[in-house]
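Summary of the model geometry
If you want the building blocks of each chain, they are given just below.
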Amino acid sequence: MAPQQLTVVTRQRLLDFLVVEKIWWWGALDEVSFLERLYDLDTLEGDGYRRPTAREDIWQHCINNDDWLPNWVFTDARFGLSGPSPKPLLNFLAEMLHPVVRRDPAEVERLAEKLNGILAKDGFELYPTGYISGLPVYAGGPCASFQGARPDLKFEARPLLTDPRVLHEHKSASGLAWNATPPQRSPPVKNSSKASARSSWNTRTSSSRQEKTCHRCSSASRRCWA
């Protein structure tokens, strides 16, 4: 029997969702800080010219120059997100929901529901495997791998849990609730003095990065998916 796979259609639907919803995969971190949680950036090759490691390459283009589109990582062969194995992409999506990466429990719950709605078509799902400060830590795998306790994440509305025994097991093991209060975030500081001729970029601000004005939608934020 052939290994379970994520189809090209499902992979494209996942990317389309992130683009349309303007979901920054790195969350509250930056691209380097996020990716080093999953990969050894110092052993992955750089551009083969001036930057010998992936860390230096990503830092140059995403932090210093800010000249890569947000979805560059999904087609970069170094990270295997478009390769034949579903594991790298599932691990990547699960890390997007980590409490260190995303600090708003309501946002995490919404993203998990949306992503699972897409992954379910190929028989995969993101599911909590533990907790940090009352917030779930996710992993990804085939739906058939569900065993043991899971928190109550509205399983009644999830069509994949059609086995009454499994549904009862998950519901009876629930009782944990997210108890963290989403942090109050300051509104982004707009800077309309710069324009990006290459692409539209918006949202996140930080002390080390200047925002760019979107030449298409006239928004003054870091990145735009347009």
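As a starting point, this report considers the structure included with it.

Conventions adopted
- Residues numbered from 1 in each chain as written.
- Predicted model: local features only at pLDDT ≥ 70, side-chain atom pairs only at ≥ 80, totals over all residues.
- Heavy atoms only, no water.
- Phe/Tyr/Trp six-rings, centres within 6.5 Å; stacked < 30°, edge-to-face > 60°.
- Buried < 20%, exposed > 50% of the residue type's maximum accessible area, 1.4 Å probe, protein only.
- Core = buried A, V, L, I, M, F, W, Y, C linked by side-chain atoms within 4.5 Å.
- Helix = DSSP H or I, 4+ residues; strand = E, 2+ residues; numbered from the N terminus.
- Contact = heavy atoms within 4.5 Å.
- Polar contact = N/O pair within 3.5 Å; in protein donor to acceptor, adjacent residues only side chain to side chain.
- Pairing = 2+ DSSP bridges.

It is worth spelling out the packing of aromatic side chains at this point. Enumeration according to the criterion identifies 10 aromatic pairs in this entry. Where Trp-72 meets Phe-79, the ring centres are 5.8 Å apart and the plane angle is 70 degrees; that geometry is what we call edge-to-face. You'll find Trp-72 and Phe-79 in the same group, each marked buried. Here a set of aromatic residues connected by ring pairs shows up, and it is made of Trp-24, Trp-25, Trp-26, Phe-34, Tyr-39, Trp-68, Trp-72, Phe-74, Phe-79 and Phe-92.

Attention shifts here to the nonpolar core. Core analysis: the largest hydrophobic core is formed by 41 residues, its most contacted members being Trp-25, Leu-35 and Ile-58. Residue assignment for this core shows that the elements contributing at least two residues are helix 1 (8-20), helix 2 (31-35), helix 3 (54-64), helix 4 (87-96), helix 5 (105-119) and strand 1 (124-132). For Leu-35, the contacting residues outside a window of four places in its chain are Trp-25, Leu-41, Ile-58, Trp-72, Val-73, Phe-79 and Phe-92.

Another aspect to go through is the environment of Gln-60. In this fold, Gln-60 is placed in helix 3. Here Gln-60 falls in the partly exposed class, since its relative accessible area comes to 22%. The residues contacting Gln-60, other than those within four sequence positions of it, are Arg-51, Asn-65 and Asp-66. For Gln-60, the side chain forms a polar contact with the side chain of Asn-64, separated by 3.3 Å.

Another aspect to go through is unusual backbone geometry. Residue Lys-22 is not a glycine yet carries a positive backbone phi of 55 degrees. Within the fold, Lys-22 resides in the loop between helix 1 and helix 2. Residue Lys-22 is classed as partly exposed on the basis of its relative accessible area, which comes to 38%. Even without glycine at this site, Asp-66 takes up a positive phi of about 55 degrees. On the secondary structure map, Asp-66 appears in the loop between helix 3 and helix 4.

With seven of 10 residues buried, helix 4 is to be regarded as a mostly interior element. Residues of helix 4 that are buried include every one of Leu-89, Leu-90, Phe-92, Leu-93, Ala-94, Glu-95 and Met-96, and no others. The inward-facing, buried residues of helix 4 contact helix 1, helix 2, helix 5, strand 1 and strand 2 (135-142).

As defined by bridge partners, strand 1 adjoins strand 2 across eight bridges and the pair is classed as antiparallel. Along strand 2, the bridge assignment pairs Ile-132 with Leu-135. Remark: two residues form the turn of the hairpin made by strand 1 and strand 2, two consecutive strands paired antiparallel; Ser-133 in that turn has positive phi of roughly 55 degrees.

Summarising the element assignment, Glu-95 is placed in helix 4. Residues Glu-95 and Trp-25 lie 70 residues apart in sequence; the distance between their C-alpha atoms is 8.9 Å. Discounting residues that sit within four places of it in the chain, Glu-95 has contacts with Phe-34, Arg-37, Leu-38 and Val-101.

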